[in-house]
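Residue-level listing of the chains:
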Amino acid sequence: MPESQLIEGDQVRIGKQIVLPLHKAIEISLKSLKTRFWRSIITMGGIILAIAFLTTILGTNAFMEGLRLAAEAMRESDDDDEREAGKALEEVLRRKGYDVAGSTFSEGAEGGGLTKRQAKEIWLVSLAVFVAFVGIMNAMLMSVTERFREIGTMKCLGALDSFIVKLFLLESSFQGALGTLIGIVGGLIVTVLQLSIGFGFGNIFGRFLEVMFLVSLFKGLGLAFIVGAVVSVLGAIWPALTAAKMQPVAAMRMEA
Amino acid sequence: MLEQTIVRTKDVKKIYVMGGEEVHALRGINLEIRAGEYISIMGPSGSGKSTLFNMVGGLDKPSSGKVYIDEVDVAQLDAYELAWLRCRKIGYVFQTFNIIPVMTALENVTLPMVFAGLTADEARDKGVMLLEKVGLGDRVSHKPFELSGGQQQRVAIARSMANDPAIILADEPTGNLDLTTGTDIINLLKAMNNESGVTVISATHDMKMLDVSDRIVWIRDGRIDRIDERANIDIKIGEVDGER
């Protein structure tokens, strides 16, 4: 369509399309986040806390899974002392409230469904993630309301609806990615501190540090990152569409 | 230059429904604006002045009647074509300046050029040239909060000229400025009008604007009350304390 319904004789010709290159959109989004730094931090707050909580749960479970597997390996050892140590470790795990018969979290269904503890954790994490989602949506909607003049002006300058959507989704993605990373680091720190108190700092980085623990941990961190990214983008969709629907005449409004 | 019609309205009516009642903002406007003209739309608040201004700027569509910009019926344009029209054919100057706060003066001026597909180098060179033209060659890297109101309005005027539009639409361009700065802005718009032949359409309350206008369209109760040619009106401009 671009080339031409505007053409009337030789009066008007559309030579180039209306464009917003991705690198320019990224530049504008980053500048916007930098200029509105504190608001961005507040928007990120929800996702940081939710992802930190998720990371703590997944990290702790990964560690417990590592311990359970270590205990299992020790019990099957030919060495009597090793078998005794394995039993003692299982006893410690039971005292801490972990199910040593099956897996502690992600593969719990194999052992006959989720334990009460797992179900509670899933519920709490889901709630935290949902609160983060609503928080992002609310903050972004407020941002759209405050930025009516900027959005209207961009439209007067020729921005298409899709440019506005692109800018808001990019902003939200950057906030989500950074918030998720901060949340993961924060969650890991809390996990290590919490486990250090429960099991002793040396044990975490020494005896119990099994390969399976690392695999589970990285799986957990990957999951946390995906959840953070998806929630950030989903939370921004409605506000971005609201902004895109704003009419250019909004730029003329006088009230601040 | 003055023969070609750039904006034409044909029996334009605009009805808003507010609280279940119909408000007739425009009651049949027939107006022709010629290319290269400097035209002021004047009228009291609630007269329909802003509604007419939005119509001729392609910012709003009439309830009935037609608005032609460069002989193209605006109502027939889809979203993409309207965006193209706003980007390439019309430059906007606002009462509240509307400089994008996260961008420097130069970035504000080059944004419409980016939308129009110019390369970064082309846009930067043209942006600097336009900022120099409005007297802000030494302010290209300044953010809006580092600029005075008058300087922000100059940036807005440079931005409105970014894609060499056929029309500049200025909505109360001096409304938020002091007398001296307001006069500077009016002179700058007139200089643009003279130098590049761009049509300037301004909604205003500022009587100083009348002196530079080719024609003044007076709106009252949603109708054109009268259209004065500049040559036919006698304006005596005095000076106020503090004004140059």
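Everything below is about the structure shown above.
Computed from a predicted model, the values in this text were never measured in an experiment. (Residues numbered from 1 in each chain as written. Chains lettered and ligands numbered in written order. Predicted model: local features only at pLDDT ≥ 70, side-chain atom pairs only at ≥ 80, totals over all residues.)

Caption draft 1: Quick look at the pairing of strand E1 (residues 5-18) of chain B. All names here are of chain B. With 11 bridges joining them, E1 and strand E2 (residues 21-34) adopt antiparallel strand pairing. Following the sheet pairing, Ile 15 is matched in E2 by His 24. Taken together, the 5 bridges between E1 and strand E4 (residues 64-69) define a ladder with antiparallel strand orientation. Looking at the pairing, Lys 13 lines up with Ser 64 of E4. (Pairing = 2+ DSSP bridges. Helix = DSSP H or I, 4+ residues; strand = E, 2+ residues; numbered from the N terminus.)

Caption draft 2: Quick look at the sheet that holds E4(B). All names here are of chain B. In space, the 4 strands of this open sheet follow the order E2-E1-E4-E5, with antiparallel pairing throughout. A single partner strand is all that each edge strand has here, and the edge strands are E2 and strand E5 (72-73). Bridge analysis of E4 against E5 gives 2 bridges, and the strand direction is antiparallel. Opposite Tyr 68, over in E5, you have Asp 73 as the bridge partner. Each of E1, E2 and E4 is contacted by helix H1 (residues 49-56), which is oriented at about 130° to E1, the strand it contacts most. (Contact = placed C-beta atoms within 7 Å. Axes fitted to C-alpha atoms, helices over the stretch in contact; angles between N-to-C directions.)

Caption draft 3: Layout of the interface of chain B and chain A. At the interface, 28 residues of chain B touch 31 residues of chain A. Elements represented by at least two residues in the side of chain B that touches chain A include exactly helix H2 (79-89) and helix H3 (105-115) of chain B. Broken down by element, the residue count for the side of chain B that touches chain A peaks at 7 residues, all from H2(B). For the side of chain B that touches chain A, the class distribution of residues is 18 nonpolar, 4 polar and 6 charged. (Nonpolar A, V, L, I, M, F, W, Y, C, P; charged D, E, K, R; others polar.)

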